[in-house]
Amino acid sequence: MMRRPIIAGNWKLNKTPSQTAAFIRETAPLVSGARCEIVVCPTAACLFAAREATRGSNIALGAQNMFYEDAGAFTGEISPDSLLELGVSYVIVGHSERRALFGESDEIVNKKTLKAIEKRLKPIVCVGESALQRQLGVTEETVRIQTKLALAGLPARDAEDVAIAYEPIWAIGTGVNATSAEANSTIRCIRAVLGEIYTAELATKIRILYGGSMNAGNARDLLSASDIDGGLIGGASLNSSDFAKIALSV
Ligand code: PGA
């Protein structure tokens with residue numbers, strides 16, 4: 001297996017610190033034999049509890065967001081150094097909910113991606129088309145633009161530390177997932193873009209995940225597609241046995 005798959009749970013605004021710790025303790029033994037990298041992304045307020053609970057397990061920690069400056073007058077923001085101190089190794093950047101609800105532009109996504117890399121945090125950069133963009137047939141154009149803008153200025157030597165998550169917005173939280181053929185085809189387009197930015201060879205080393213209503217029932221099919229290197233899972237990652245089932249289906 002050339003690209004080691006990642007199964008990452010995006011908990012969004014769910015679970016308190018005590019619920020986080022209990023969930024991780026329950027899940028750790030279920031996923032200890034998984035062949036993929038396993039990441040959970042609790043809220044920032046739960047990361048300390050999560051760190052304690054993940055000790056000695058194969059579960060890595062991710063954050064759902066991070067600011068692109070180290071410190072300063074940025075009320076409410078989360079600094080990269082704080083994430084590092086909390087044992088975080090991955091950070092989700094540019095999730096469609098942050099783009100839509102919190103005004104995260106492609107330019108901000110780019111700044112966050114570059115800052116994460118500078119700090120040796122591994123960004124999981126989200127791209128994906130809306131229902132309207134899909135209907136109008138501009139899915140490939142959309143993800144192409146988002147990918148290029150997110151990675152602008154990122155040198156080739158760092159590209160392998162980035163993972164892309166292809167998350168069609170119409171599939172997020174709807175129970176309607178992209179088929180494995182659809183997702184694989186758009187992911188191949190993203191890989192082609194990576195090939196244009198860098199080289200075709202480097203593009204084959206960058207992990208591209210699928211996200212959007214992935215669950216214990218459809219994970220095996222989605223994850224068996226040639227170019228889908230894991231999943232970013234929302235709703236189904238909140239249930240320990242479902243999350244474990246997905247992790248074990250890689
Ligand atoms: P979902 O969310 O699995 O609930 O569709 C995925 C995501 O938003 O990352």
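See the structure shown above.
Reference entry: report on the structure contained in this document. (Residues numbered from 1 in each chain as written. Predicted model: local features only at pLDDT ≥ 70, side-chain atom pairs only at ≥ 80, totals over all residues. Heavy atoms only, no water.)

**Quick look at the pairing of strand β7 (residues 207–211)**
Burial runs high along β7: 5 of the 5 residues are buried. Residues of β7 alternate between two faces, with Arg 207, Leu 209 and Gly 211 on one and Ile 208 and Tyr 210 on the opposite face, all of them buried. Here strand β6 (residues 163–166) pairs with β7 via 4 bridges, running parallel. Considered in β7, the bridge of Tyr 166 is made with Tyr 210. By the bridge criterion, 2 bridges tie β7 to strand β8 (residues 230–233) in an arrangement that is parallel. (Buried < 20%, exposed > 50% of the residue type's maximum accessible area, 1.4 Å probe, protein only. Helix = DSSP H or I, 4+ residues; strand = E, 2+ residues; numbered from the N terminus. Pairing = 2+ DSSP bridges.)

**Overview of the environment of Val 91**
Residue placement: Val 91 occurs in strand β4 (residues 88–93). Separated by 27 residues in sequence, Val 91 and Gln 64 place their C-alpha atoms 5.9 Å apart.

**Observations concerning the site of the ligand**
What surrounds the ligand is a group of 13 residues, the closest being Lys 12, His 95, Glu 167, Gly 173 and Ser 213. Interatomic distance of 3.4 Å between a side-chain N/O atom of Asn 10 and an oxygen atom of the ligand. At 2.7 Å, a backbone N or O of Ser 213 approaches an oxygen atom of the ligand. Protein burial of the ligand: of its 280 Å² of free accessible surface, 95% is covered by the chains. Within the shell around the ligand, the residues separate by chemical class into 4 nonpolar, 7 polar and 2 charged. (Near = heavy atom within 4 Å. Polar contact = N/O pair within 3.5 Å; in protein donor to acceptor, adjacent residues only side chain to side chain. Areas by Shrake-Rupley, 256 points an atom, 1.4 Å probe, with all protein chains shown as cover. Nonpolar A, V, L, I, M, F, W, Y, C, P; charged D, E, K, R; others polar.)

**Examining the nonpolar core**
Residues Ile 7 and Tyr 210 are the most contacted members of the largest nonpolar core, which totals 64 residues. Formed by 12 residues, the second largest nonpolar core is a distinct cluster that contains Val 39, Tyr 90, Ala 163 and Leu 232. (Core = buried A, V, L, I, M, F, W, Y, C linked by side-chain atoms within 4.5 Å.)

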